[in-house]
Amino acid sequence: MTKPLRVALIGYGFMGRTHSNAYSQVNHFFDVPYRPQLKVICGLERPVAEAFAKRWGYEDVETDWHKVIERDDVDLIDICVPNNVHAEIALAAAKAGKAILCEKPLALNTAQAEQMVAAVEEAKIPNMVSYNYRRVPAVTLAKKLIEEDRLGRIFHYRAQFLQDWTISADVPQGGMATWRLDVKAAGSGVTGDLLAHCIDTAVWLNGGITDVSAMTETFIKERKNVETGKVEPVGIDDACAFMCHFANGSLGLFESTRYARGHKALYTLEVNGQKASLRWDLHDLHRLQYFDHADDSLVRGWRSVHISDGDMPYMKNWWVPGLQIGYEHTFIHQLADFLDAMGKGEAVSPNFRDALETQKVCDAVLTSAKSGQWVDVR
């Protein structure tokens, strides 16, 4: 029999919807030891929060996250707010002994992330960071193939995350909608927002990154600030590219931009090994492209593996073979793994400490871009 897990969601934006959908669906498809109860939604604007609560079934509404942390009828704090508030909320939640699910990136910088890791580990509370692309079945299968040594020694890892939504100089910075362009709220631009996903997946698939050499660019130097009404300097990176070394001796190449006209969310990765290669594309997320050099030369070539059979990661919980799933399912998988680990009293990955490693790489990338030098990841 499932036990209730009383959830407080802080933040009602896009990520708040993805998480709420996961809470609503997880018990329909996965046998997990907890049943989420949507206890309270917290947001700055009460009318918006009330509408969100009505749509998703939250029992109560709050506008002050401090009061949410103090509640005795909440077990899990779900942090879906801008990056500059992650640390303050997480530290308070840890002190109160609440389990925490936090959106990525973990913090604004490494120092802040280290405080958060220390807090959750001292409190011994369940914690997880929402790097959801690990839970795409095709990406999880890629992890399995690498662990089984089907690729052999890894030589290259490359990833891209391309968007085009900030090309216009008329797009403002700050406020509820475009806080990702405000350095005070976001900490960085594409590095923390997009490349953090690429880095997390890369470290999970291919091991730690030891050093980086990066360059960044801010194409539009000034934008109107929604909150002040003034035209102010832009402090975030619009584009970033970096090279790196992995601890296993392989080379990495990463690129991200919001200035790739025609791309809304193109996330691709490719891994080249001695025996085989694989690649994945978010726009075709239910497929894994795979090349095996051991195939007979007459038929050797890239194959497209459709991830839908029951023996493939997560797929036995969904539909019949041949029918695919989508983006929203990654959050359901993430939650299912979190609840299962909580029930067993085990840690789940990526937790705060795992996310700290990604934060260190992001900081090293930004430092390298400023200095023009190779920077060690410490």
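Residues numbered from 1 in each chain as written. Predicted model: local features only at pLDDT ≥ 70, side-chain atom pairs only at ≥ 80, totals over all residues. Heavy atoms only, no water.

## A look at the packing of helix α4 (residues 86–95) against helix α5 (residues 110–123)
Consideration 1: For the pair α4 and α5, the least separation of the axes is 9 Å and the interaxial angle reads 15°. When the interaxial angle is binned, α4 and α5 end up roughly parallel. Between α4 and α5 lies a crossing of left-handed hand. Where α4 approaches α5, its residues His86, Ala87, Ala90, Leu91 and Ala94 are matched on the opposing element by Gln112, Gln115, Met116, Ala119, Val120 and Ala123.
Consideration 2: Here the contact of α4 with α5 is composed, by residue class, of 8 nonpolar, 3 polar and no charged. (Axes fitted to C-alpha atoms, helices over the stretch in contact; angles between N-to-C directions. Helix = DSSP H or I, 4+ residues; strand = E, 2+ residues; numbered from the N terminus. Parallel < 35°, antiparallel > 145°, perpendicular 65-115°, else oblique. Left-handed = near helix turned anticlockwise from the far one by under 90°. Contact = heavy atoms within 4.5 Å. Nonpolar A, V, L, I, M, F, W, Y, C, P; charged D, E, K, R; others polar.)

## Thoughts on the nonpolar core
Consideration 1: Judged by nonpolar contacts, the single largest core of 115 residues is most densely connected at Ile77, Ile100, Val212, Phe254, Trp280 and Phe352.
Consideration 2: With 9 residues, helix α8 (residues 190–206) is the single largest residue contributor to this core.
Consideration 3: With near-sequence residues (within four places) excluded, Trp280 lies in contact with Tyr133, Val136, Ala138, Val139, Tyr267, Thr268, Leu269, Leu285, Arg287 and Leu288. (Core = buried A, V, L, I, M, F, W, Y, C linked by side-chain atoms within 4.5 Å. Buried < 20%, exposed > 50% of the residue type's maximum accessible area, 1.4 Å probe, protein only.)

## What to know about the packing of α5 against helix α10 (residues 352–371)
Consideration 1: Packing of α5 against α10 leaves a shortest axis separation of 9 Å and a crossing angle of 170°. Judged by the inter-axis angle, α5 sits roughly antiparallel to α10. On α10, the residues touching Thr110, Ala113, Glu114, Met116, Val117, Val120 and Glu121 of α5 are Phe352, Arg353, Leu356, Gln359, Lys360 and Asp363.

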